[in-house]
Amino acid sequence: MKKLTLQKPQTVAESSSSPQPEKPFTGILKQDMTWLQDRYVRCSDLIYRQFTVGGQRGRQAAVFYIDGMTSSKVVHDNILQPLLIDAEIAKYDAEHEQENYFSFVKQHLLPAGEITTADDLEQGSLAMMNGDVLLLLDGCQQGFIIDAKGFPHRSIGTSQNEMVLRGPQEAFTETLRVNTALIRRRLRTDQLKLEEKTLGRYTQTQVAVVYLDGVANSNIIAELHRRLDNLKNVDSILDSSCIEQYIEDSPFSVFPQIQYTERPDKVAASLLEGRIALVVDGSPEVLLLPLMFVQLLQSPEDYYNRVVSGTFMRWIRYMGVLIATTFPSLYVAITSFHPEMLPLNLFLSISSAREGVPFPAFVEALIMELAFELLREASIRLPGAIGNTIGIVGALVIGDAAVSAHLVAPQMVIVVAITAIGSFTVPSMEASYPIRLLRFPLMLLAATFGLYGVMFGWLIILMHLLHLRSFGFPYLEPLAPLKLNELRDVLVRAPRWQMMIRPQFREPNQQVKADDGGRFWRRRIQPVTQRGDDSRGQ
Amino acid sequence: MGSSKLISNRELFHIVLMLHQGRIFWMLPYFIVKDNGTSGLLTLAPGFLAGALIIAVCSFWGRRCREQGFVEALPCLLGKPFGKFLALLLILFYMSFVIVCLCSFVEMLRSQLLEETPRIVLLCTLFFLVGWMSWNGLEDMARFAVLCTVVTVLLLVLVVVGNADVFSLEHLLPVEIKNPDLLPQSVFHGIYGYGGLLALFMIYPALNTRKGIKRQLWFSLLLSTIIVLAWLVMSLGVFGQAGVGTAVWLPLELARMVQLGPFLERTEALFSVLWMVIIFMNGSLLIWCASQGMHQLLEQRKNPWIHWGMVLLLLLISILIKNAVQLFQLEQLLSVLYMGLLPVLLLLIAAGTVIYNKRKGESRQ
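Here, residues in each chain are numbered from 1, in the same order as that chain's written sequence. Throughout, the order in which chains and ligands are written sets their labels, letters from A for the former and numbers from 1 for the latter. Given that the model is predicted, a residue must reach a pLDDT of at least 70 before its local features are reported, and side-chain atom pairs must reach 80 or more before they are shown or counted; all residues, however, enter totals for whole chains, interfaces and linings.

1. Some details on the interface of chain B and chain A
At the junction of the two partners, chain B supplies 25 residues and chain A supplies 19 residues. Taken together, the elements giving at least two residues each to the side of chain B that touches chain A come down to helix H6 (119–136), helix H7 (138–163) and helix H12 (268–297) of chain B. For the side of chain B that touches chain A, the per-class residue count stands at 17 nonpolar, four polar and four charged. What counts as a contact here is a pair of residues whose C-beta atoms, placed from the backbone, lie within 7 Å. Each helix corresponds to a stretch of at least 4 residues labelled H or I by DSSP, and each strand to a stretch of at least 2 residues labelled E; elements are numbered beginning at the N terminus. Only Asp, Glu, Lys and Arg are considered charged, only Ala, Val, Leu, Ile, Met, Phe, Trp, Tyr, Cys and Pro nonpolar, and every remaining residue, Gly among them, polar.

2. What about the environment of Ala50(B)?
Residue and element names in this part refer to chain B. Mapped onto the elements of the fold, Ala 50 is located in helix H3 (residues 44–64). When the C-alpha positions of Ala 50 and Tyr 192 are compared, they lie 9.0 Å apart, and in sequence the two are 142 residues distant. For Ala 50, the contacting residues outside a window of four places in its chain are Ile 191, Tyr 194 and Leu 342.

3. Quick look at the domain arrangement of chain A
Bear in mind that the domain bounds are from an automatic or database domain assignment. Taken as a whole, chain A is organised into domain 1 (22–146), domain 2 (176–291) and domain 3 (305–474). Between domain 1 of chain A and domain 3 of chain A, the C-alpha centre-to-centre distance is 63 Å.

4. So, the nonpolar core
Put simply, a nonpolar core is a cluster of buried Ala, Val, Leu, Ile, Met, Phe, Trp, Tyr and Cys residues tied together by C-beta atoms within 7 Å. Exposure is read from a count of other C-beta atoms within 10 Å of each residue's own; the residue is exposed at 12 or fewer, buried at 20 or more and partly exposed in between. C-beta atoms are placed from the backbone. Within the largest apolar cluster, 206 residues are counted, with the highest numbers of intra-cluster contacts made by Tyr94(B), Val98(B) and Ala199(B). Among the elements that take part in this core, H12(B) stands out by supplying 19 residues, more than any other. Excluding residues within four positions of it along the chain, Tyr94(B) makes contact with Ala199(B), Leu286(B), Cys289(B), Ala290(B) and Gly293(B). Core analysis: the second largest hydrophobic core is formed by 25 residues, Leu36(A), Val53(A), Leu134(A) and Leu135(A) among them.

5. Quick notes on the pairing of strand S5 (residues 143–146) of chain A
Residue and element names in this part refer to chain A. Burial along S5 is two-sided: the residues Gly 143 and Ile 145 and Phe 144 and Ile 146 are all buried. Strands pair, by our definition, only if DSSP identifies at least two bridges between them. Sheet topology places strand S4 (residues 133–137) next to S5; four bridges connect them, and they run antiparallel. Each bridged residue has a counterpart across the sheet, and for Leu 135 the counterpart in S5 is Phe 144.

6. Overview of the sheet that holds S4(A)
Pairing between the strands of a sheet is mediated by backbone hydrogen bonds and can be parallel or antiparallel. Residues and elements named next belong to chain A. Strand order in this open sheet of five strands is S1-S2-S4-S5-S3, and the pairing throughout is antiparallel. Each having just a single partner strand, strand S1 (46–52) and strand S3 (115–118) make up the two edges of the open sheet. Sheet twist, expressed as the mean angle between neighbouring strand axes with direction ignored, is 25°. Inspection of the sheet shows strand S2 (residues 60–66) paired to S4 by four bridges, in the antiparallel sense. The partner of Ala 62 across the bridge, within S4, is Leu 136. Axis geometry follows a simple rule: fit a line to the C-alpha atoms, using only the stretch in contact for helices, then measure angles between N-to-C directions, giving values from 0 to 180 degrees. Set on the sheet, helix H2 (residues 29–39) makes contact with S1, S2 and S4; between it and S2 the angle comes to about 15°. On top of the sheet, helix H3 (residues 72–84) reaches S1, S2, S4 and S5; it is set at about 170° to S2, its chief contact.

As structure tokens, then:
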């Protein structure tokens, strides 16, 4: 495994924007309140309330929170009620003199589950942005950050882009904590680590680096942290795709070097392989890294189905990818440059069908492929039933009309249809884009140089893939470099108990069996004749 | 120019296979059989011995001079002026191999598949490809070589199986030396066919471990010789001595006779483009060797001007070769030069290594 070398973070990123200055608490409630009110001037969703803790002779306090981000019920039940009403019962008096007022309130008056201390107003202000409540006490140079998050969020639904027939149907949502909980539910171990960071100057997006301690490669974790630290001062992180574009090795490559998924089971399985997940608040897609090309063609369903079925489906997918990328260019090359390869009957059939078509094979293919891409893009934008209808009607009508008008040959419609079906077999969206894109230059090369051009194009693609890295790992592993023992999860879907002993992303020295003793029960079965059954002899 | 110490023994095994396979099939059968008939097969033996000698000397040198690249080491072994001169000769030799390899493929393509495509266009595309691949480094090429082996074996199996029904053992007889005067020429060609193995001197320092490497190299040499022999026997068995002695692009003729069921026939186009993979590998490795050698000679690190300048130079020279006849003449000339250079080179390297080690031992004492 190639060792990643840690480097010092770039000074350009550090110097490009300075961190916001700290604003310590003055201890005078009015001043601190004024500061916050000035800070949030023209923010109509800021709610604040000043009150007295524990009756007329109590101290002044104030709560600040953002309407819509905070649960009003929590604010009322866990903060205001205890401080306003219940505080009368637990009076701060001579008995508690040894305890300062701040800790007295924390220990005796606030029943909330999660309370942290704010050391300065900036920290408190940031916490409010996350849906927490900031409680200020007169005379105290610290504040309370009380967990009261209650912003609206989507409930857990089914995966829209990674559907399976068999297996879990849950998908991630836009809420960080919900997503981490979905992962935690599947990996109930204290080795599952979640390291949170805040990225983006204006968005202050919470990001969690999730990995299995002792399983994930520490070099990759360190490298990931190094790359993420550079994002603290970028303007915004609105989605996981923003982070992906910043941290991937080759952003101009058509091939993704970081995978994304909506499925918690896929994340759990990836973490067990030693990969790292990046959960981003506000995004239902979780990033998985490092990535190898073959992983883009694997579906969770392969592992939920039987060995033979899983292997068969996998090979169908590989064929689909090959067809989607190469079929149109092969058609153009053979019909234009190498018709002698076709048997006479097939050649005559193709020739007669192309009779009257004014365009060469390449132009035909280009027209049909572009039309199909337009239809595909249009059907995504249109809602529900309309989109489906447009797709079907458009394909049928346009295809039929084009053939009737002798603009394209009927064979071309079949070629395009088979190509499209092949592209639909790709389980991940990020893998389908390069496949769709690469068709076009391959067709152009086929039109120019025939089969030589197709091979030329494929060699360029292969060279690029060989050179590509994902966090230091070769992109084409385990094909190049060839690792025979890891091919059992590439060429076939090996049984679980034969899966690789040491997955490639794990720590190099870790010797852990993926499935230790899962089939040992078979050794304990005794043959019938040895059970002492006497009935057969009688 | 690529990374060091990142080639495994297994990858080197595949590289040696590729170095040997690439261009050897296109013209070797014609050269060795046209003048000497079936006995031309025997010229593989001296070729095998030459290959074995290269491996032996390379291992001998590699074990004793671990820290340096080969061109860097030559001045230390043989003195600065003579060492640099010999290094330059070697680099020129690599360059000539590249030209022969790529030009022969382009000639084949033009004559058989793409008659109307200008030669210069094919040359430019091919040189661009190999130049880019060699610029990416040895690590990528080594990984690609492993995948290429699959293609080689697949093609061989395809051709053997596809022509099994027309193969006749009678075509291999009689085994006789028709023209003893022309035998040395065939021997030169046979030995020249193994000339690609000289690239081992440049690749050897990039190995991440030397343990078990000799066994891998011997096995690779043996296997590639068996593959070449299989091709030659197949060619002779199908076409006979007269056919092999007149057909220039023999593997293509063999592929032409293969029919993939009722669906595809005349598959020589498919064959040749698959073969392109091997030619591409061959060319990339040899350009890398030449470029790496030039960088070491000029004491430069990865310099795009040197690398792409060399690729451009090779392209320009290739453009000067107008047809297959000139290419064959060039090959004949190079085979004679190679025969003169190889024993001298190997002897000097072996002697220089011994003297260098002795001096190193004395200076330590």
